[in-house]
Structures are given as structure tokens and as C-alpha cells.
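Listed here are the chains, written in short residue letters.
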Amino acid sequence: MDRSTEIREFLRTRRARITPEQAGLAPHPGARRVPGLRREEVAQLAGVSVDYYVRLERGRTQGVSETVLDAVARALHLDDTERAHLFDLAQPTAARARNRRPQPPQRVRPAVYRALDSLAVPAVVQGRRMDVLAANRLGYALIADFQARPHHERNAARFVFLDEAAHALYTDWERVAADCVATLRLYAGRHSDDPQLTELIGELSLHSDTFRRLWADHDVQAHTTGTKRLHHPLVGDLTLDYVVLAVEGDPDQTLIIYTPEPASPSAEAIGILASWTNTTASGPHAAHEESHDPAG
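Residues numbered from 1 in each chain as written. Predicted model: local features only at pLDDT ≥ 70, side-chain atom pairs only at ≥ 80, totals over all residues. Heavy atoms only, no water.

Tell me what's going on with empty space enclosed by the protein, and back it up with residues and numbers.
Counting across every chain of the model gives two cavities of 30 Å³ or more. Looking at the largest cavity, its volume works out to about 60 Å³. In terms of lining residues, the largest cavity is bounded by D172, R175, V176, D179, T227, K228, R229 and Y242. Going through the elements one at a time, α11 (173–190) and β3 (225–232) are the ones with two or more residues in the lining of the largest cavity. (1 Å grid on protein atoms, 1.4 Å probe; cavity = no way out; pocket = protein on both sides within 12 Å on 5 of 7 lines; lining within 4 Å. Points joined across faces, edges and corners; volume = space filled by probe spheres on them. Helix = DSSP H or I, 4+ residues; strand = E, 2+ residues; numbered from the N terminus.)

Encoded structure:
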């Protein structure tokens, strides 16, 4: 992905969502040609010259200071995740080139497999680009049997946008889709040179109108907790809270654990699903397969 384009579109879309009144500026008389703030208004709020801000929005970030980026983030009312994304996009190209190294295939540590085995609720390990690296039996039974798919297809974003089963599974499919894109956007800010990410974005853009629309919004979000509503083909409606935990030693791996409210219909349904998976499972535990990147 072209970094200059990314920073231009990110700043443009952030400007467009804030009115002068929301920014504390007096409204200008007459019609406005652009939604939200003008470039000169952002420059005024950030305390920099218009020319300086225009250069920044065009992706010319060489030598830009953290102080200026902080000022722009405040002017645009960026939250912590958006601010971090702006800093990722504005990191000098030369520094990125020096730090760039081939990414080794991701491996799930034995201790993480044991943690998956020990959980009585659905759990999934995601890696780069939302690749599904591992899960316990309930995790596979809840969402999709990623283990049975080719490595190239073991990706949560591909499932959400390209598999009809996802539309039936997620009651709030549009919300899940938006969250998925916001997560990929955040990853893209840190790993814009990842060729598998470029391939994934191209595939999703080609086959999904919804993905193209959401990708153009340039929204970013770090998901740590939340709730998902599902309609499971075996046990019916489910409402599950989830928590996303970082896996120590691999900053691009997360453990996602889904839990129902105790003594709720969802808890009863998860119990039924657990019984079904224990009855139908055979051979070694599903999570014990060697896990790595799809291209690994």
C-alpha cells in the first residue's frame, strides 16, 4: 500500500467527520464546499502553518515531530487508537526500510495450546492479518472448522466477507464486518509492507462491495472486549462476551475467549455444543495441529 495515499485519506476522512462547531471554531458564513474541517482550520487548531499541514496530509512526513503529530491528533479529536495509527503512518520511510525484516511463520507455543485445552468455553488464537492459527474444539465448533480448510483460507476476514455461512452465523453481520475492517486497518498501519496483507485486501476488495465501502472509511479500532450475537446452526441464538488477550512473546498473536452469562440460555447452549463436540471429536485435539501463516 502507498503510505502517502494512506495518510492523506486517513487525515481527510478524520477532517470530514468534525464540524467547526465541534472543534470550537466560529462557523463561517456561506456554504462550505467540503464536509467537516478545512485544511486551514486543522492547521489553525494544531498551531502549524497551512503549508506545513498540507505537506503532512500529502504524506510528506520526513522530519515531522511528535509534537506536531500530537497537535494534529488533538485538533482532529483522535482517540488513542487513531493517534497510534497516525504515528504508524507518519513513521519516516527510511526508518521503516532499516527496520524491515522478513516475517517468520507464526507458531503457536505449546503453553498456548495447553491453555486452549484447559478452557471450557470457545477460544481462538489469531495472528497476523486475522489469520486463525489455532482454536479449541469449542472455538472451531462455534465459528467455523478452520482446521479443515486450506491454510490460505484460515482467516477470519475471509470468512466474514467471502463465506455465506458468516452472514447466517453473525446476527449483527454489518457490525462484525466493520469491526473486522477496522482491525485490518490498524494492522495495515504497522505492516503496510506485508505482501500477504496486500493480497488479502485485494481479494476482499475484488469480491465484496461491503469490504470496499468499509475499507474506504479508514476507520481503525483496537478490540479488547465486546459482545457478539450469533445464530448457531446447531444450538440456536447465542449472546457471548469476548475478551482479547495479547500472547506474550508474539505481538501479532491474540487469544480471543468467548464467555456466556452464567446460568443464561447461552450458557446452556454452550454446554450442549460442548457435549456435541466431545461426542463427535476423534483423534488428537483440534488445536494440536502445527499452526503457521497461510504461506508458511
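Could you give an account of the pattern of salt bridges, with specific residues and numbers?
Tallied over the full model, the rule gives 18 salt bridges. The partner of E57 in a salt bridge is R15, with the nearest N and O atoms 3.0 Å apart. Here R15 lies in helix α1 (residues 3–16) and E57 lies in helix α3 (residues 50–57), a separation of 42 residues in the sequence. Between E203 and R158 there is a salt bridge whose closest N-O contact spans 2.7 Å. In this pair, E203 sits in helix α12 (residues 195–207) while R158 sits in helix α9 (residues 156–162), placing the two residues 45 residues apart along the sequence. Judged by relative accessible area, R158 falls into the buried class, the value being 9%. When salt bridges with common partners are traced through the structure, they connect R14, R17, E82 and D219 into a single cluster. (Salt bridge = Lys/Arg side-chain N within 4 Å of Asp/Glu carboxyl O. Buried < 20%, exposed > 50% of the residue type's maximum accessible area, 1.4 Å probe, protein only.)

Kindly report on the side chain of S205, identifying the contributing residues and their values.
Tracing the chain through its elements places S205 in helix α12. By relative accessible area, S205 is classed as buried at 19%. Among residues more than four places away in sequence, those in contact with S205 are F211 and R212. (Contact = heavy atoms within 4.5 Å.)

Quick rundown of α12? Include the residues and the values.
Counted at 1.5 Å a residue, the expected span for α12 with its 13 residues is 18 Å, and the 19 Å between its end C-alpha atoms agrees. As for α12, its buried residues are in contact with α9, α11 and α13 (209–215). With a side-chain oxygen lying 3.0 Å from the backbone nitrogen of Q196, the N-terminal cap of α12 falls on D194. (Expected span 1.5 Å × (residues − 1). Polar contact = N/O pair within 3.5 Å; in protein donor to acceptor, adjacent residues only side chain to side chain.)

Tell me about unusual backbone geometry, and name the residues and values.
Notably, M130 is not glycine yet its phi reads approximately 65°, a positive angle. Position of M130 among the secondary structure elements: in the loop between β1 (123–126) and β2 (132–135). Taking relative accessible area as the criterion, M130 reaches 12% and is therefore assigned buried. Despite not being glycine, H218 shows a phi value in the positive range, around 60°. Along the chain, the position of H218 falls in the loop between α13 and β3. The class for H218 is buried, based on a relative accessible area of 6%.

Break down the sheet that holds strand β5 (residues 254–260) for me, with residues and values.
Strand order across the open sheet formed by five strands is β2-β1-β5-β4-β3, with antiparallel pairing between neighbours. The open sheet has two edge strands with one neighbour each: β2 and β3. Strand-to-strand twist across the sheet, computed as the mean angle between neighbouring axes with direction ignored, equals 30°. Contacts between helix α7 (residues 110–118) and the sheet are confined to β1, β2 and β5, with β1 contributing the most and set at about 155° to the helix. (Pairing = 2+ DSSP bridges. Axes fitted to C-alpha atoms, helices over the stretch in contact; angles between N-to-C directions.)

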